[in-house]
Amino acid sequence: MVKSDDDGMLGGLLEVNHLSVMEELPARIAEHARQAGFGQTVVYVTDLQQQHLVPLPGQGDAHGEPPKLIRIDGTVPGRAFRDVEIVRARRASGAAAGEGTRWWVPLLDGTERVGVLGVDVTPGTRAAEPLARRMASLASLVALLVVSKRPHSDSHARAVRVRPMSLSAEVLWNLLPPGTMANDRVVVSAALEPAYEVGGDAYDFAVDGDTLYVSIFDAMGHDTSAGLTATIAVGACRNSRRKGDDLPATSEAIDAAIADHFTGRFVTALLAALDLRTGRLTWVNRGHPPPLLIRNGRRVTALDSKPDPPMGIRLPIGTGLLSHRLEPGDRLLFYTDGVVDAPSPDGEAFGLERFIDFVVRREADGVSAPETLRRLIQNLLEYHRGLLQDDATVLTVEWCGQRHRSLTL
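Rules used throughout
Residues numbered from 1 in each chain as written. Predicted model: local features only at pLDDT ≥ 70, side-chain atom pairs only at ≥ 80, totals over all residues. Heavy atoms only, no water. Phe/Tyr/Trp six-rings, centres within 6.5 Å; stacked < 30°, edge-to-face > 60°. Lys NZ or Arg CZ within 6 Å of the ring centre and 35° of its normal. Helix = DSSP H or I, 4+ residues; strand = E, 2+ residues; numbered from the N terminus. Buried < 20%, exposed > 50% of the residue type's maximum accessible area, 1.4 Å probe, protein only. 1 Å grid on protein atoms, 1.4 Å probe; cavity = no way out; pocket = protein on both sides within 12 Å on 5 of 7 lines; lining within 4 Å. Points joined across faces, edges and corners; volume = space filled by probe spheres on them. Nonpolar A, V, L, I, M, F, W, Y, C, P; charged D, E, K, R; others polar. Salt bridge = Lys/Arg side-chain N within 4 Å of Asp/Glu carboxyl O. Contact = heavy atoms within 4.5 Å. Pairing = 2+ DSSP bridges. Core = buried A, V, L, I, M, F, W, Y, C linked by side-chain atoms within 4.5 Å. Expected span 1.5 Å × (residues − 1).

**Q** Describe the packing of aromatic side chains, listing the residues and the values that go with them.
**A** Summed over all chains, the structure comprises four aromatic pairs. When the ring centre of F358 is taken as origin, the NZ or CZ atom of R362, which lies over that ring, is 4.6 Å away.

Here you go:
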């Protein structure tokens, strides 16, 4: 029998989770939340472009109607998601005045913003501070449960899409890591558009002990063949890296893999490694725009050099391994040319200056790296009136040194 205290709520939910599918999660969450003294609960996850919060399947209001989409910008639940904080609404949706209050709690898997949890609280429930801690504990578990179910849930995949997805995008999204990862020494965030028609852009990152590996790829073209080329590039990169090859050797392994499988196809890329103890950054540039360094929230430097040839055309590398020492708090920007070069419907490119200015301003405002990229992508889509003519990918790496920056509550 499930206990009525918080331990019982969390332990009981963990126990029933093992044999539950995604569609059953909302009912399980609601059942165990009630036994801990909470009222109605509702689970929202973010859509693919992080423009809306969409309800998980299997939920309904008092009349059996499914909850509606909620915009992330300009709403109370959206504020909980954007600012990663617990937000109290005036009252629960559909409740009479004084009957109860709805709280919105961000769902976090590490530092990935999964969505939000709505929790109704009736008058007389425990004081606000312990209440917030209890809701945060519940939300943490809910986020983990959602993340554990989504890889094999078509209902979740459908829920987070607002329109059909191309075959190339289907392949690439299943290949990419989550858009955010952090520990006490580094924060990594990435964003990619057009989300539903992405052709040949891809990114990758992984931690191996005290080393962070980061890669960004831009395959020739904007079709299924470009997506397959990017897939080969990412796979070859991981395979070579996990064998223990250094960055130049890894880039040559990717070069060979693409040439072996395609004729006339190539990929530009940056392959980088960051020593999380010392801040030493090393990288190989295979025909890609150079990384940008933001220091003290304002000074921007391009880590420029003569690039080596793109991968897939079997040309030897000459420049090879490059290096730079970071300072605590430095933020690196890796990007593909679709961010700055693609023309708008009026024929004007977004441009490097506009890109840098946007990121620096958000940095000065204290906006987190994941939220900065979310806003950047929305701004880029608005500039292009929702019709990007090329893939646009941005990846940021913030080295914290000994400082701790976290999105946890």
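**Q** Lay out the environment of V234 in plain terms, naming residues and giving numbers.
**A** Here V234 is to be found in helix α7 (residues 224-242). Residue class for V234 comes out buried when judged on its relative accessible area of 0%.

**Q** I'd like a description of empty space enclosed by the protein, backed by residues and values.
**A** One simple way to see leftover space: roll a probe sized like a water molecule over the atoms. Taken as a whole and assessed by the stated rule, the structure comprises one cavity of 30 Å³ or more. The calculated volume of the largest cavity comes to roughly 50 Å³. Y213, V214, S215, C237, R241, D245, L247, T250, L271 and A272 together form the lining of the largest cavity. Among the secondary structure elements, those contributing two or more residues to the lining of the largest cavity are β10 (211-219), α7, α8 (247-261) and β11 (267-275). With three residues, the single largest contributor to the lining of the largest cavity is β10. Looking at side-chain class alone, the lining of the largest cavity contains six nonpolar, two polar and two charged residues.

**Q** Could you give me a rundown of the pattern of salt bridges, with the residues and numbers involved?
**A** Across all of its chains, the model carries 24 salt bridges by this definition. Of the charged contacts, one joins D73 and R374 as a salt bridge, the two residues approaching to 2.7 Å between their closest N and O atoms. Of the two residues, D73 is situated in the loop between β3 (70-71) and α3 (76-83) and R374 in helix α10 (residues 369-383); the sequence distance between them amounts to 301 residues. D73 sits in the partly exposed class, given a relative accessible area of 36%. We classify R374 as buried; its relative accessible area is 3%. Between R185 and D210 there is a salt bridge whose closest N-O contact spans 2.8 Å.

**Q** Could you give an account of the environment of P178, naming the residues involved and the relevant values?
**A** Note on placement: P178 falls in the loop between α6 (167-173) and β7 (180-182). Excluding residues that lie within four positions of it along the chain, P178 makes contacts with E112, Y203 and F205.

**Q** Account for the sheet that holds strand β6 (residues 112-121), naming residues and giving values.
**A** Spatially, six strands are ordered β3-β2-β1-β6-β5-β4 in an open sheet, and the strand pairing comes out antiparallel. Edge positions in the sheet fall to β3 and β4 (87-88), since each has one partner strand and no second. With three bridges connecting them, strand β1 (residues 41-46) and strand β2 (residues 52-55) associate as antiparallel partners. If you follow V45 over to β2, its bridge partner there is V54.

**Q** Residues and numbers for the nonpolar core, please.
**A** In terms of nonpolar packing, the biggest core is built from 53 residues, with L212, F217, I254, L274, F334, L395 and V397 touching the most fellow members. Counting residues per element, this core draws most heavily on β11, at seven residues. Excluding residues that lie within four positions of it along the chain, L212 makes contacts with M181, V186, V188, F205, A206, V207, A272, A273, L274, L276 and V397. In this structure, L25, L107, V146 and V147 belong to the second largest nonpolar core, which totals 30 residues.

**Q** Residues and numbers for the layout of surface pockets, please.
**A** In this structure, the largest pocket encloses a volume near 1,100 Å³. Along its surface, the largest pocket is lined by 40 residues, and L48, E112, R150, W173 and P178 are the ones closest to its centre. Of all elements in the fold, only β1, β6, α5 (154-159), α6, β8 (186-193) and α10 reach the threshold of two or more residues within the lining of the largest pocket. Within the lining of the largest pocket, the residues separate by chemical class into 20 nonpolar, 11 polar and nine charged.

**Q** Before we move on, can you summarise α8 with the specific residues and values?
**A** End to end, α8 covers 21 Å across 15 residues, agreeing with the expected 21 Å (1.5 Å per residue, within 8%). Listed in full, the buried residues belonging to α8 are L247, P248, T250, S251, I254, D255, A256, A257 and I258. Buried residues belonging to α8 abut β10, α7, β11 and β12 (280-286).

**Q** Tell me about unusual backbone geometry, residues and numbers included.
**A** Look at the link from E193 to P194: it is a cis peptide, with omega at -5°. Checked against the element boundaries, P194 lands in the loop between β8 and β9 (201-208). Residues other than glycine seldom take positive phi values, yet Q50 does so here, at roughly 55°. Checked against the element boundaries, Q50 lands in the loop between β1 and β2. Positive phi, close to 50°, is recorded for V84, a residue that is not glycine. The exposure class assigned to V84 is buried, which follows from its relative accessible area of 10%.

**Q** Now, about the environment of V116: what can you tell me, with residues and values included?
**A** Mapping V116 onto the fold places it in strand β6. V116 sits in the buried class, given a relative accessible area of 0%. V116 sits 38 residues away from G78 along the chain, and the two C-alpha atoms are 8.3 Å apart. Excluding residues within four positions of it along the chain, V116 makes contact with V42, V43, Y44, L53, P77, A80, F81, W104, V105, P106 and L107.

Function cannot be inferred from these measures alone, as they are strictly geometric.
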